[in-house]
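Close look at the chain arrangement
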Amino acid sequence: MNRRPKLELLDKRRIEQIIDDALELLSKVGVFVENKEGLKLLDEAGAKIDKKKKRVHIKSELVQRCLKSAPKEIKVYDRVGRLALDLKGYNIHFDPGSAALWIYDLKKDKIREPVTSDLIRFAQLTDGLKYLKAQSTALIPSDVPKEIADRYRLFISLLYSSKPVVTGTFVKEGFEVMRDMLVSIRGSEDDLRREPLAIFDCCPSPPLKWSDLTCQNLIDCAKSGIPAELVSMPLTGATAPVTLTGALIQHTAENLSGIVIHQLAQKGSPIIYGGSPACFDMRTGTTPMGAIETMMIDSSYNQIGKYFGLPTHAYMGLSDSKTLDYQSGLESGIGAILAGLSGINVISGPGMLDFESCQSMEKLVIDNEICGMAYRLIEGIAFRKEPPFLELFKEEYLEKGFLTSPHTLKWFKEEVFFPSQVIDRFNLGEWLKKGKKTAVWRANELIEKIISSKSFDELSTEKKNELFKIIQSDAKKYGFDQELKKRFKSL
Amino acid sequence: MEKKLKGFLEECYNAVLEGDKQKAEKLATEAVKSGYDPYLVIENGLVQGIEKLGERWEQGTCFLPELVLGAEAVKAGISILQEPILKSKAGRKNLPRVIIGTIEGDIHDIGKTLVATMLSANGFEVIDLGVDVKSDNFVKMAKKYEPKFLCLSSLLTTTMQNEIRVIEGLKKANLRKKLKVMVGGAPASLSWAKEIGADLYAENAISAVKVAQREIGHESKRK
Ligand code: B12
């Protein structure tokens, strides 16, 4: 077996100390819960509730009990029913950063609002990128009523790609519509429970609070068996202590409180230990995802999640740059590699710019290569026993070189990761002859190729119609059903 | 007296630069006792300090905690200096009033609170309604307090739509022309402001102050 290279910033003693502190925090200070159902569940489980302050004090025993019932492995399947994500151990899977407000239009060099055709192309492109194991509802469409934008994204994703979807809702009403779409693909609620097709993000509000909406999301996910992903986001020095350890303690407590609420709503339901913390920038007041300290918090809480034996998630492999430049590449590269080394099970980020606000298709194509390299890196170095090593250095090879030796022919494709044309490895002359193109423009050329050549799994007409009916009846509430009908005439 | 006053204003200015709330309070109390014109102390002392910090912040040489500490110092000073203003009926010149809040359905508040803090530190009277503020409530409060500005913060595309409802509500209550609506937050933009019929947009807390000051014809004195 190859040695799986790993990044571990915390040792066992530190992990246990942070967990102890978080448990003490939960029992002494507690968490705010603004949701009635959540409060009721906690009350019934014997948690001490300060009714006036809506603050819940959770004892360690209750946390331990809920940790025990949370599944240690989550399998997520694509639309066709193939296993796509096996969330356990050090397995890693990349998916595009989700819910961008903008899209970067390279040809116009402009950041603009995304429209339906962008969403379609984005889904098709993601479908064709090998190292992205899931898609996400990555763009917020501006050409539909804003109230239904969250579920419209899911509708487009399911139509144009078969990969499973990392998503989430922005309002309480969104959940049911989105669940119905997923159920319609699988056939029944039970089938969806057995073969999850999507993951829903649920964000506690830092510090130590569950808002009505996100707590309800968490409970709804638990009941329907849709994997919930805890996205706890301490912002150092703004909504959390400024030290990385302080932020980690808060992050641990927020995740544990989420697991408790979730498992109380439905024992054994799948839940992912995750987050989107940031090292708050004290000069600009922004939340940089490309900061090295942000990534250090990510990598460390992932270790804590693993200590509990739970599947983990983080937002890494993204950048705060507003354009495709050196910064966008270096921040994304460092993030994806560190995430890979950390063994984070769900890594959301590729394509994203501007603090989780702007997506770029060109960047997605480039990041796909970074992800490919991360997969290669974690395979580690193989020790191949055959042939005995001295044979590798036969007189013949020493004279003629190794280019055509049987050993080279046998292994060169296995040992080396071959990136697409995005990564330039031509010599200077060749590069000049090919038009001196940058990676960004090479990526741009690939987009069309991938979208047009990809023979992705079409959804049956029957299922398409079912999906359409669901979004249409929702759109009707906002007077948008006729327009929708026109737009999707061909379905 | 002139010289003494100048030195005094300088001290106020410095207290803000140092983010020294206690000193600002002490100076404000002293100003009231000595009978200095409270507006003068606010505008030529405290506010100039925060404007300087704002300038430094834009240049990247002042950190957010320092900016906020400075703002807290100004706020503390203003609240003391306001007392005599409120008492004296004659010559009463109210601070320009602002109502601010995060729109219904949205609980993001870091940016909104920063904007509120910077506005109040720059001599605005700010009423902060918090987060997830019902559209009707914005209208109700606008009716009650008659602010010069109504500031709406939104970070979510799904709920920013509610800003339109606030504007509709203002129209119905005959308040629309009496105040300026300013919008902000990550998904907002100048074109969004135009689209929904808001008056103003600003991309961050410092420019929110500038935009509001420009509206009321207030120019920074220290260049
Ligand atoms: C921190 C954060 C949270 C925290 C908020 C904590 C808090 N107390 O506020 C928590 C975890 C609670 C949260 C929750 C959610 N969030 Co959030 N969040 C963010 C994040 C990462 C940073 C926002 C922030 O505070 N920035 C720092 C401050 C200082 O900046 P700012 O808010 O932009 O404010 C500045 C300017 O915009 C301006 N400004 C702000 N308001 C105003 C008002 C006026 C009048 C003016 C003039 C100027 C102005 O001045 C400020 C100072 O310079 C953003 C990402 C982003 N790019 O913005 C996502 C983001 C806004 N969230 C997002 C989402 C989806 C959510 C959730 C729906 C997730 C979920 N499914 O649970 C929930 C929403 C719950 C709800 N109903 O509101 C999306 C929105 C996508 C969309 N299309 O709408 C974003 C863009 C991230 C993403 N791409 O997914 N979130």
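Everything here concerns the structure above.
This report concerns the structure included in the present document.

Definitions and cut-offs
Residues numbered from 1 in each chain as written. Chains lettered and ligands numbered in written order. Predicted model: local features only at pLDDT ≥ 70, side-chain atom pairs only at ≥ 80, totals over all residues. Heavy atoms only, no water. Axes fitted to C-alpha atoms, helices over the stretch in contact; angles between N-to-C directions. Helix = DSSP H or I, 4+ residues; strand = E, 2+ residues; numbered from the N terminus. Parallel < 35°, antiparallel > 145°, perpendicular 65-115°, else oblique. Left-handed = near helix turned anticlockwise from the far one by under 90°. Contact = heavy atoms within 4.5 Å. Nonpolar A, V, L, I, M, F, W, Y, C, P; charged D, E, K, R; others polar. Phe/Tyr/Trp six-rings, centres within 6.5 Å; stacked < 30°, edge-to-face > 60°. Buried < 20%, exposed > 50% of the residue type's maximum accessible area, 1.4 Å probe, protein only. Polar contact = N/O pair within 3.5 Å; in protein donor to acceptor, adjacent residues only side chain to side chain.

The next subject is the packing of helix α4 (residues 116–128) of chain A against helix α5 (residues 149–160) of chain A. Residue and element names in this part refer to chain A. For the pair α4 and α5, the least separation of the axes is 9 Å and the interaxial angle reads 45 degrees. With respect to each other, α4 and α5 are oriented oblique. Here the hand of the crossing between α4 and α5 comes out right-handed. Every residue of α5 that contacts α4 at T116, L119, I120, A123, Q124 and D127 is listed here: Y152, R153, I156, S157 and Y160. When grouped by side-chain class, the residues that make up the contact of α4 with α5 number six nonpolar, three polar and two charged.

All names here are of chain A. Going through the model one piece at a time under the given rule, you end up with 17 aromatic pairs over all chains. On the numbers, 6.3 Å between centres and 55 degrees between planes, the contact of F468 with F488 is tilted. With F468 in helix α17 (residues 461–476) and F488 in the segment after α18 (481–487), this pair connects stretches of sequence that are 20 residues apart. As far as the burial class goes, F468 and F488 line up, both buried. Here a set of aromatic residues connected by ring pairs shows up, and it is made of F94, Y131, Y375 and F417.

The subject of this paragraph is helix α10 (residues 205–215) of chain B. Note: α-helices contain 3.6 residues per turn, so residues at a spacing of three or four share the same orientation. All names here are of chain B. Taken across its 11 residues, α10 has eight buried, putting it largely inside the fold. Within α10, the full set of buried residues consists of A205, I206, S207, A208, V209, V211, A212 and Q213. For α10, the capping residue at the N-terminal end is N204, with a side-chain oxygen 3.1 Å from the backbone nitrogen of I206. One or two steps after α10, the chain reaches G217, where phi turns positive at roughly 70 degrees.

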